[in-house]
Amino acid sequence: MTTALFHPIRTLRENLSQIGAAVNASREYSRAGAIRACAEKVNPATAAIPL
């Protein structure tokens, strides 16, 4: 908490970095889900395999 008082720019940069990492992870998770959905249409036997 005190770090934010002394280094507001650094704290903002760290927060933006964490937000960016979360957005990238969400994007990759969504992309993987879309790829899996396409694969299940091709091979229904893989539908039973958990992620």
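Look up: the structure comes first, before these words.
As the structure is a computational prediction, the values presented were derived from the model and not from experiment.

Caption draft 1: Broad picture of the overall build of the chain. Per the secondary structure count, the chain includes two helices and zero strands. Burial statistics for the chain: of 51 residues in total, 2% are counted as buried. Summing over all exposed atoms, the chain offers an accessible surface of approximately 4,600 Å²; the carbon and sulfur share of this is 67%.

Caption draft 2: Structural detail: the pattern of salt bridges. Under the definition given, this model contains one salt bridge. Residue R31 is joined to E28 by a salt bridge in which the shortest nitrogen-to-oxygen separation is 2.8 Å. You can see R31 and its partner E28 sitting in helix α2 (residues 8–42), three residues apart, about one turn around the helix. With a relative accessible area of 43%, R31 lands in the partly exposed category. Given a relative accessible area of 45%, E28 falls into the partly exposed group.

Caption draft 3: A look at a nonpolar patch on the surface. A cluster of nonpolar side chains, contributed by L12, L16, I19 and V23, occupies part of the molecular surface with about 370 Å² of accessible area. Note that V23 resides in helix α2.

Here is what the cut-offs are and how they apply
Residues numbered from 1 in each chain as written. Predicted model: local features only at pLDDT ≥ 70, side-chain atom pairs only at ≥ 80, totals over all residues. Heavy atoms only, no water. Helix = DSSP H or I, 4+ residues; strand = E, 2+ residues; numbered from the N terminus. Buried < 20%, exposed > 50% of the residue type's maximum accessible area, 1.4 Å probe, protein only. Areas by Shrake-Rupley, 256 points an atom, 1.4 Å probe, with all protein chains shown as cover. Salt bridge = Lys/Arg side-chain N within 4 Å of Asp/Glu carboxyl O. Patch = residues over 30% accessible without salt bridge, like charges linked within 9 Å, V, L, I, M, F, W, Y side chains within 5 Å.

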